[in-house]
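# Structural features, examined
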Amino acid sequence: MALPKKIWKTSQFHKGISNLNAEGHFWFSNGLEFDQYPPFLKVANKFFKEADSVSVPTLDEPTYMCYFNYRYYCVNHDDGKIFQNDYSSWVEVHDSVNIWGGSGLYADDDYMYYAGSTWVGRFDKTNWVDNWQSFNVNTAFDDVPITKFLKFICFGNKNYLATWDTGASVWNPNKLILPTGYVITWLAPLTDYLVISAHHPTFGSALFFWDGYSQTYNRVLQLTQTQSLAGVVDKNVLYFLTRDGWICRFNGSGIEKLNRFPEMNHEDYISLKAGCMRVYQGTILIAKGSNTYDVSRRNQYCGIWCYNPATNSLYFKHRVSSGAVNHVTPGVSVMYGLYVDNNTIRVMYGDGNKSIIDVNHETGTFRPYDFGAYWISPLIDNEPYLRKRWKQIILNFFKPMPNSSFARFEVKYNITEQSIRDQAKYVTGGSNDYFTLSSVGSIEVGDEVIVLAGPSAGQIRHIKSIDTATKTFYLDETLYYVGGSQGYLQAGDYVAITPFKRLATIKGNENQGKVNKMLRFNARSKKIQFKVEVWSNSGYGGEWDMGLKDVSAVYVPDRIIK
């Protein structure tokens, strides 16, 4: 008698990263969009380099950005040089007479305010006044968060809150004085209160609430032994991120922990500057760096993460324009700042060699990721005590397949019976179809290779063959051109090698107009994990059609006892 067939299926992708094999959850993703067309999965838009310190030599650690007088402006953190976007390029427009500057930048309708170490400058669309007002104490290069609350332009200056009363035209450098030792790191205005987040090296961070009228702050919430890194307000609700990876919410009376970056342990911490958390189209974007070149834990991926308050989901969404995702040189050494408006996202970061400004469109045109966007299922362990024979996987597409060989789905599986942990490996040499390592180790033919940093960062291949004598690994497909140049691997690049084996490639020109595809295969294991890499024919018809409605797999209990 034939053994009964069983089905595993996921038809929703809205719950974000998790270890759970439950509807809507997944193990990891990269370059995919889950919030614009729920509950479906589709390719997200990629980022383009807009400027760097090669094209604009004086650009150095651009940390804050604002929109003023129909132009975008950004400021260097240390020397205070201010740059303007003239639609086609960034140019330096002001060099402060004070050496220390660039600690903060903010604009309202009439003025742009910029902060240095001991002063505040102001620009009225015509004149720059560098020493417009003075701070109580030297910031010593600490950031100066600036925001507007009621009629006040508020500035964080160590443990002092300085204000400019726009109604009375009065400057007060010590409108509020926090306890000694606290340093104000970010400000967030609610309807009734200004939330002032300050950190103390011994006591941790605290949230101070001020109503704008009282002579001192009205309330304090101490966050015991943790650091509040950044905060934002969405629909008059305060969200903030702590160093130990928790996304928290102030519920009007206390603090709720909502979601946490995956695989955080006592050695892990989130590296984030206060200006790297922004609300964008109903979601919260978090531009984070990392403290290590390793990516063995998912939280260590550098780039733009997305948190959706409506679904409490968290996932890794955007790579920077270079495609790099780990803390190397050149890679993503630090994220300086994040700026968003109605449709545009800009991220400022360093790759170890230069400062870079990225934007999420190319001269106003949004493009999906060409390759390297992928979704990884949870570790599927239905009846984990039984060995199974996996027979089929079925993909239902978001839209019919466009007629393009570059539009494709790469379907893969992992039967090691444990979730994938990407281990970064240092490349000692290579070319466009091979690379060398210092040792072969347990790497097998068929294993997956993800390029983490270097000229081909973001591309994914598989190992076709291995020369154990020379420690050379040959790829199954030549690396593609990136930025007009042939992709290649070289000494100093990093790759991650995983045990995902390719099951099949579904190309658009071979499946034109199809809305689903069933793939037959034969794999025996108690547990399995699937991965789908989505390629888009960027710049051509149907470029936004690549995505998935659902994924399902058919299996039967195995007669063989393992």
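A few points on the structure. (Residues numbered from 1 in each chain as written. Predicted model: local features only at pLDDT ≥ 70, side-chain atom pairs only at ≥ 80, totals over all residues. Heavy atoms only, no water.)

## A few points about the overall build of the protein chain
Cut-off, in case you're wondering: Helix and strand labels come from DSSP, where a helix needs a run of H or I of at least four residues and a strand needs a run of E of at least two; each type is numbered from the N terminus. Restricting the calculation to C-alpha atoms gives the radius of gyration, and the globule rule supplies 2.2 Å times the number of residues raised to the power 0.38. Buried means the residue's accessible area, taken with a 1.4 Å probe over protein chains only, is under 20% of the maximum for its type, while exposed means over 50%, and partly exposed covers the values in between. A 1.4 Å probe and the Shrake-Rupley method give the accessible areas. Residues count as covered only by the protein chains that appear here. Only four residue types enter the charge count, namely Lys and Arg as positive and Asp and Glu as negative; His and the chain termini do not. Here the site of a charge means NZ on Lys, CZ on Arg, CG on Asp, or CD on Glu.
On a plain count of helices and strands, the protein chain comes out with 0 helices and 48 strands. Over its C-alpha atoms the protein chain spans a radius of gyration of 25 Å, differing by no more than 12% from the 24 Å that the globule rule assigns to 562 residues. Principal-axis analysis of the C-alpha atoms gives the protein chain an extent of 85 × 50 × 45 Å. When each of the 562 residues of the protein chain is scored for burial, the buried share is 57%. Put simply, the protein chain shows about 22100 Å² of open surface, and 47% of that area lies on carbon and sulfur atoms. Both charge centroids of the protein chain, one from 56 positive and one from 53 negative side chains, sit 10 Å from each other.

## Looking at the side chain of Arg298
The cut-off we apply is this: For the purposes of these results, a polar contact is taken to be a pair of N or O atoms within 3.5 Å, where, inside protein, one atom must be able to donate a hydrogen and its partner to accept one; residues adjacent in sequence count only when each atom of the pair is a side-chain atom. Note on definitions: a residue-residue contact is assigned when non-hydrogen atoms from the two residues lie within 4.5 Å.
Residue position: Arg298 is located in the loop between β29 (283-288) and β30 (303-308). Of note is the side chain of Arg298, whose polar atom sits 2.9 Å from the backbone oxygen of Trp27. Ignoring sequence-local partners within four residues, the contact set of Arg298 consists of Ile17, Ser18, Asn19, Trp27, Phe28, Pro262, Glu263 and Trp305.

## Section: a nonpolar patch on the surface
Put simply, the rule reads: Note on patches: the residues involved have over 30% relative accessible area and no salt bridge, like charges join within 9 Å, and the nonpolar side chains Val, Leu, Ile, Met, Phe, Trp and Tyr join within 5 Å. Any carboxyl oxygen of Asp or Glu that lies within 4 Å of a side-chain nitrogen of Lys or Arg is treated as forming a salt bridge with it.
Residues Tyr67, Tyr70 and Tyr87 make up a contiguous nonpolar surface patch of roughly 420 Å² in combined accessible area. On the secondary structure map, Tyr67 appears in strand β8 (residues 62-68).

## Concerning unusual backbone geometry
Residue Pro39 is reached from Pro38 by a cis peptide bond, and omega for that bond is 5 degrees. The peptide bond linking Thr329 to Pro330 adopts the cis configuration, its omega dihedral lying at -5 degrees. The phi dihedral of Tyr70 is positive, around 65 degrees, even though this residue is not glycine. Along the chain, the position of Tyr70 falls in the loop between β8 and β9 (71-76). The class of Tyr70 is exposed, set by a relative accessible area of 61%. Located in the positive-phi region is Glu263, a residue other than glycine, with phi close to 60 degrees. One can find Glu263 in the loop between β27 (255-260) and β28 (277-280).

## Quick word on the pairing of strand β34 (residues 355-359)
To be explicit about the condition: Strand pairing is assigned whenever DSSP detects at least two bridges linking the two strands.
With 5 of 5 residues buried, β34 is to be regarded as a mostly interior element. Burial along β34 is two-sided: the residues Ser355, Ile357 and Val359 and Ile356 and Asp358 are all buried. As defined by bridge partners, strand β33 (residues 345-350) adjoins β34 across 5 bridges and the pair is classed as antiparallel. Paired with Arg346 across the bridge in β34 is Val359. Here β33 folds back onto β34, and the loop between the two strands holds 4 residues, one of which, Gly352, carries a positive phi near 100 degrees.

## Notes on the packing of aromatic side chains
What counts, and what does not: Aromatic rings from Phe, Tyr and Trp, taking only the six-membered ring of Trp, are treated as a pair when their centres fall within 6.5 Å; an angle between ring planes under 30 degrees marks them as stacked, one over 60 as edge-to-face, and anything in between as tilted. Only Lys NZ and Arg CZ are tested; either one counts as a charge over a ring when it is within 6 Å of the ring centre and within 35 degrees of the ring normal.
Here the structure, examined in full by the defined rule, presents 52 aromatic pairs. An angle of 65 degrees between the planes, with centres 4.8 Å apart, marks the rings of Trp132 and Trp164 as edge-to-face. Within this pair, whereas Trp132 is found in strand β15 (residues 128-134), its partner Trp164 is found in strand β18 (residues 160-165), the two being separated by 32 residues in sequence. The exposure classification of Trp132 matches that of Trp164, with both residues buried. Taken together, the ring pairs connect Tyr111, Tyr113, Trp132, Phe135, Phe155, Trp164 and Trp171 into an aromatic cluster. One residue, Arg122, lies across the ring of Tyr111, its end atom 3.6 Å from the ring centre. A cation over an aromatic ring shows up here: Arg346 above the ring of Tyr72, its NZ or CZ 4.2 Å from the ring centre.

## Points about the sheet that holds β34
For the record, the criterion: Every axis in this analysis is a line fitted to C-alpha atoms, fitted for helices over the stretch in contact. Angles between the N-to-C directions lie between 0 and 180 degrees.
Overall, antiparallel pairing links the 4 strands, which are arranged β7-β34-β33-β32 in an open sheet. This sheet does not close on itself; its edge strands, each paired only once, are β7 (48-52) and β32 (334-340). Strand after strand, the sheet turns through a mean of 25 degrees between neighbouring axes, direction not considered. Judged from the 6 bridges that link them, β32 and β33 form a sheet pairing that is antiparallel. In the strand pairing of β33, Tyr339 is matched with Arg346.

## Some details on the pattern of salt bridges
Under the counting rule described, the total for this entry stands at 28 salt bridges. Asp142 is the partner of Lys158 in a salt bridge, and the nearest nitrogen-oxygen pair spans 2.7 Å. One end of the pair, Lys158, is in the loop between β17 (152-157) and β18; the other, Asp142, is in the loop between β15 and β16 (146-149), and 16 residues separate them in sequence. In this structure Asp142 comes out as partly exposed when scored by relative accessible area, which is 27%.

## A short note on the sheet that holds β17
Pairing in this open sheet of 4 strands is antiparallel, and the strands run β16-β17-β18-β19 from one edge to the other. Looking at the sheet topology across the chains shown, the edges are occupied by β16 and β19 (170-177). Across this sheet, the average inter-strand angle for adjacent strands is 30 degrees, counted without regard to direction. Of the strand pairs in this sheet, β16 and β17 are connected by 4 bridges, and their pairing is antiparallel. Each bridged residue has a counterpart across the sheet, and for Ile146 the counterpart in β17 is Phe155.

## Considerations on the environment of Asp381
Tracing the backbone through its elements, the reader meets Asp381 in the loop between β35 (373-376) and β36 (388-397). Between the alpha carbons of Asp381 and Ile528 there is a distance of 7.0 Å; along the sequence they are 147 residues apart. Contact partners of Asp381, with chain neighbours within four places excluded, come to Asn21, Lys526 and Lys527.

## Comments concerning the nonpolar core
Applicable threshold: Residues grouped as a nonpolar core are buried Ala, Val, Leu, Ile, Met, Phe, Trp, Tyr and Cys residues, joined through side-chain atoms within 4.5 Å.
Within the largest apolar cluster, 92 residues are counted, with the highest numbers of intra-cluster contacts made by Trp375, Phe409 and Phe530. Each residue touching Phe530, except ones within four places of it in the same chain, is listed here: Trp8, Trp375, Ile376, Ser377, Ile380, Trp390, Ile393, Lys412, Tyr413, Phe500, Phe521 and Ala553. Phe149, Ala206, Phe208 and Trp210 belong to the second largest nonpolar core, which has 15 residues in total.

## Focus: the environment of Thr216
Within the secondary structure, Thr216 is located in the loop between β22 (204-210) and β23 (219-224). For Thr216, a relative accessible area of 39% corresponds to the partly exposed category. Spatially, the C-alpha atoms of Thr216 and Leu176 are 5.7 Å apart, while their sequence positions differ by 40 residues. Among all residues touching Thr216, those that are not within four sequence positions of it are Leu176 and Trp210.

## Focus: the state of the cysteines
Short version of the rule: Throughout, a disulfide means two cysteine sulfur atoms within 2.5 Å of one another.
Under the counting rule described, the total for this entry stands at 0 disulfides. Left without a disulfide partner, Cys154 is nearest to the cysteine sulfur of Cys66, which lies 17 Å away. A residue is classified by how much of its surface remains accessible, and Cys154, at 0% relative accessible area, is buried. Considering cysteine sulfurs only, Cys276 is the nearest to Cys302, which forms no disulfide, with 12 Å between them. Relative accessible area serves as the criterion here: at 0%, Cys302 is assigned to the buried category.

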